[in-house]
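Listed below, chain by chain, are the residues.
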Amino acid sequence: MKVLYSWLKEYVDIDITPQELEEKLFSVGFEVESLEYLGKNMEKVVVGQVTAMEHYEETHLEICHINCGEYGEDHLILTGADNVFVGAKVPAALVGAKLPNGMEIAPRKMKEMMSYGMLCSGGELMIDKEWYPGADVNGIMILAEDAPIGMEMRDYLELDDYLFDISITANRPDCQSVVGIAKEVAA
């Protein structure tokens, strides 16, 4: 059974780390098959807003000026996606960012101009439309208008959480729900 750490915290006041909880679950007879941090490998990817755009002559590229709040108000990022527009809020992977697909972002020369980051699709963040509407669109992921500029994407997408995969034996049908596991954690 898969249970998020945040779900358990909604039912029980937990004052230990997910790793300590994993050990305690083992000690009372539950087999935790895996404990996975959902936000792994997503660093320096923030909510950015396109403040200006211009076409890069003789290419298919657009030159975008991105406001990333506390991370800087004018990042120059080139993109070939055709769904980006001025005012759009987008996931911006800044120089030094790490993506879940293993990419690390560095300044990159595209034709004769430097791009200092990358605008991300749902695929590059390894999320789909089940996790966030529009993540499956071919192009850059467009975020909701109320997305806070400069917020880390792992926080915005609520990926700063742990997923427990707990093996439930046949003699414990009472633990086949979040509430059931929460009762065991409380005990």
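Along each chain, numbering runs from 1 in the same order as the chain's sequence is written. Residue-level local features of this predicted model are given only where pLDDT is at least 70; pairs of side-chain atoms are given and counted only at 80 or more, and the full residue set underlies all totals for whole chains, interfaces and linings. With hydrogens and water stripped out, all remaining heavy atoms of the structure feed into the side-chain values.

### Side note on the sheet that holds strand E2 (residues 31-37)
- Two strands qualify as a pair provided that DSSP identifies no fewer than 2 bridges between them. For the purposes of this entry, the term helix denotes a DSSP run of H or I that reaches at least four residues, the term strand denotes a run of E that reaches at least two, and both are numbered from the N terminus. Spatial ordering of the open sheet is given by E1-E10-E2, a layout of three strands whose pairing is antiparallel. Here the strands that pair on one side only, and so sit at the sheet edges, are strand E1 (2-4) and E2. On average, each strand axis in the sheet is tilted by 25 degrees relative to the strand beside it, whichever way the strands run.
- Of the pairings in the sheet, the one linking E2 to strand E10 (residues 162-167) comprises six bridges and is antiparallel in character. Across the sheet, the residue bridging to Glu 36 is Leu 163, located in E10. The axes used here are C-alpha line fits, helices contributing only the stretch in contact, and every angle between their N-to-C directions lies in the interval 0 to 180 degrees.

### Side note on the packing of aromatic side chains
- Between 30 and 60 degrees the pair is tilted, below 30 it is stacked and above 60 it is edge-to-face, where a pair is any two Phe, Tyr or Trp rings, Trp via its six-membered ring, whose centres lie within 6.5 Å. Evaluation of the coordinates by the stated rule reveals three aromatic pairs.
- Plain terms: the ring middles of Tyr 5 and Phe 164 are 6.4 Å apart, the flat faces sit at 40 degrees to each other, and that makes the pair tilted. With a gap of 159 residues between them, Tyr 5 in helix H1 (residues 5-11) and Phe 164 in strand E10 connect regions that are remote in the sequence.
- Owing to a relative accessible area of 9%, Tyr 5 belongs among the buried residues under this scheme.
- Burial classification: accessible surface area is computed with a 1.4 Å probe over protein chains only, and a residue below 20% of its type maximum counts as buried, one above 50% as exposed, and the rest as partly exposed. Given a relative accessible area of 0%, Phe 164 falls into the buried group.

### Description of the confidence of the model for the chain
- With 100% of its residues at a pLDDT of at least 70, the chain reaches an overall mean of 90.
- pLDDT is a per-residue confidence score from the predictor, ranging from 0 to 100. Model confidence for the chain, summarised as mean pLDDT per element, is weakest for helix H4 (residues 178-186) at 88 and strongest for strand E4 (residues 62-67) at 96.

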